[in-house]
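Listed below are the residues making up each chain.
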Amino acid sequence: MLKNVAVLLLDEVHPFELGVLCEVFGLDRSEEGLPVHDFAVVSAEGPELRTHAGFTITTPHGPERLEEADLIAVPAGSHFADRDYPEEVLEPLRRAVARGARVMSVCSGAYILGAAGLLDGRRCTTHWRHADGLARRFPKAVVQPDVLYVDEGPVITSAGTAAGIDAALHLVRQAYGPAVANAIARRMVVPPHRDGGQAQYIARPLPRDRCDTVNGTLAWMERHLDQEMTVEQLAAQAHMSPRTFARRFQQETGTTPYRWLLRQRVLLAQHLLETSDETMDTIAGQTGFGTAAALRHQFVRSLGTTPNRYRQTFRGPAAVPDVA
């Protein structure tokens, strides 16, 4: 059942994430034969709220409106990671789950669900920039930083910004079937389902600030990503025994030489896919994967999408097509 939807706002709400929820659940599309929701925007902090963009929003609805909702959605807001939330915000969320309703967060809205205890023992996600902070603040939550959204029964969490569209359309698809979700997606001019997760959007070069003894070897590895490497060869570069090198490498980088090398090769492949028209075979050679098939395999394992789809995402459909 998804008839009654309430969006819970706090001060400094982000307008885009709020707009996503209004667009999916709040518009009357009955002339197209699509379902109409009893929709309300609810303020937990008075009738007038500031957005982080500098304008204000007014609504007549207070927290009491949450009690009748089948779905309570919480969009992102500024400083949500650092705020404390009053019980008059958290308790309606707990009661909603207890009575069989669903709750949903977009981006940093997950912090409010976490403060209500609704992420404890559940898989969840948020914007990749907030994932570590969410895990630290709510250690009982099982944070999955690489996905677009997570559906854990009554609790749905989405990654940053536009991933709220993916999660909202997922709920529509569950409630009404794919035809309705596809029709709403067409009206919004968005895909009804996106391949891969938010891993493909994360900017995450590996830090070297604590790499005292292997820093020179890391630089050498980066310059020779197209070559095969063994631990023995790398240890010789570092003037260590293989066992000592492997131990120091793990201590200073937090990962193994193989995993570090694989991540650097994927990062280079991402860069080449975004900035060049090279074929998949050429990129595979330049990144040390050897073949387009091996590149595709490791790319999908790391980022959840194929090299071709990644190129189309970050360069548009006019990018040179290739087999991968």
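Residues numbered from 1 in each chain as written. Predicted model: local features only at pLDDT ≥ 70, side-chain atom pairs only at ≥ 80, totals over all residues. Heavy atoms only, no water.

A few words on the overall build of the protein chain. Counting its regular elements, the protein chain contains 13 helices and ten strands. For the protein chain, the spread of C-alpha atoms along the three principal axes comes to 70 × 40 × 35 Å. Residue pairs at least 24 apart in sequence account for 63% of intrachain contacts in the protein chain once pairs closer than 6 positions are excluded. Of the accessible surface of the protein chain, which amounts to about 15200 Å², a share of 51% is contributed by carbon and sulfur atoms. Put simply, the protein chain has 34 plus and 38 minus side-chain charges, and the middle of one group is 6 Å from the middle of the other. (Helix = DSSP H or I, 4+ residues; strand = E, 2+ residues; numbered from the N terminus. Contact = heavy atoms within 4.5 Å. Areas by Shrake-Rupley, 256 points an atom, 1.4 Å probe, with all protein chains shown as cover. Lys, Arg positive; Asp, Glu negative; His and termini not counted. Charge placed at Lys NZ, Arg CZ, Asp CG, Glu CD.)

Residues V155 and T157 line one face of strand β10 (residues 155–158) and the alternating positions I156 and S158 line the opposite face, and both faces are buried. For strand β6 (residues 102–106) and β10, the ladder comprises four bridges, and the chain directions are parallel. Within the sheet, the bridge partner assigned to S105 lies in β10 and is T157. Inspection of the sheet shows strand β9 (residues 149–152) paired to β10 by four bridges, in the antiparallel sense. (Buried < 20%, exposed > 50% of the residue type's maximum accessible area, 1.4 Å probe, protein only. Pairing = 2+ DSSP bridges.)

Below, the discussion takes up the UniProt feature "domain: HTH araC/xylS-type" (unreviewed entry) in the protein chain. Taken from the UniProt record, the annotation "domain: HTH araC/xylS-type" (unreviewed entry) applies to residues 215–313. The span residues 215–313 shows a helical share of 76% and a strand share of 0%, and its end C-alpha atoms are spaced 34 Å apart. (UniProt positions renumbered as here; feature names shortened; annotations may be inferred.)

Moving on to the nonpolar core. Ranked by size, the top nonpolar core spans 33 residues in total, and within it L9, F25 and M104 carry the most contacts. Every element with two or more residues in this core is listed here: β1 (4–9), α1 (15–26), β5 (71–74), β6, α5 (163–176) and α6 (178–188). Those residues within four positions of M104 in sequence are excluded, and the remaining contacts are L21, L71, I72, A73, V74, L113, I156, G164, A167, A168 and L171. In terms of nonpolar packing, the next biggest core, distinct from the first, is built from 32 residues, A6, I72, V97 and F138 among them. (Core = buried A, V, L, I, M, F, W, Y, C linked by side-chain atoms within 4.5 Å.)

The interhelical angle for the contact between helix α7 (residues 215–223) and helix α10 (residues 257–275), taken along N-to-C directions, is 45 degrees, at an axis separation of 10 Å. One way to sum up the angle between α7 and α10 is to call them oblique. Like other packed secondary-structure pairs, α7 and α10 cross with a definite hand, here right-handed. Here L218, M221 and E222 of α7 come into contact with α10, specifically with P257, W260, L261 and Q264. (Axes fitted to C-alpha atoms, helices over the stretch in contact; angles between N-to-C directions. Parallel < 35°, antiparallel > 145°, perpendicular 65-115°, else oblique. Left-handed = near helix turned anticlockwise from the far one by under 90°.)

A word on the pattern of salt bridges. When the charged atoms of two side chains with opposite charge come close together, those side chains can pair. According to the stated counting rule, one finds 15 salt bridges in the structure shown. R83 is the salt-bridge partner of E45, the closest N and O atoms lying 2.6 Å from each other. On the criterion of sequence distance, the pair formed by E45 in the loop between β2 (38–43) and β3 (48–50) and R83 in the loop between β5 and α2 (87–98) is long-range, its members being 38 residues apart. By relative accessible area, E45 is classed as partly exposed at 31%. Of the charged contacts, one joins E91 and R95 as a salt bridge, the two residues approaching to 4.0 Å between their closest N and O atoms. Residue E91 and its partner R95 are located together in helix α2, separated by four residues, close to a single helical turn. Given the relative accessible area of 28%, E91 is considered partly exposed. A relative accessible area of 35% places R95 in the partly exposed class. It is possible to trace a salt-bridge network through shared partners that takes in E67, E87, E91, R94 and R95. (Salt bridge = Lys/Arg side-chain N within 4 Å of Asp/Glu carboxyl O.)

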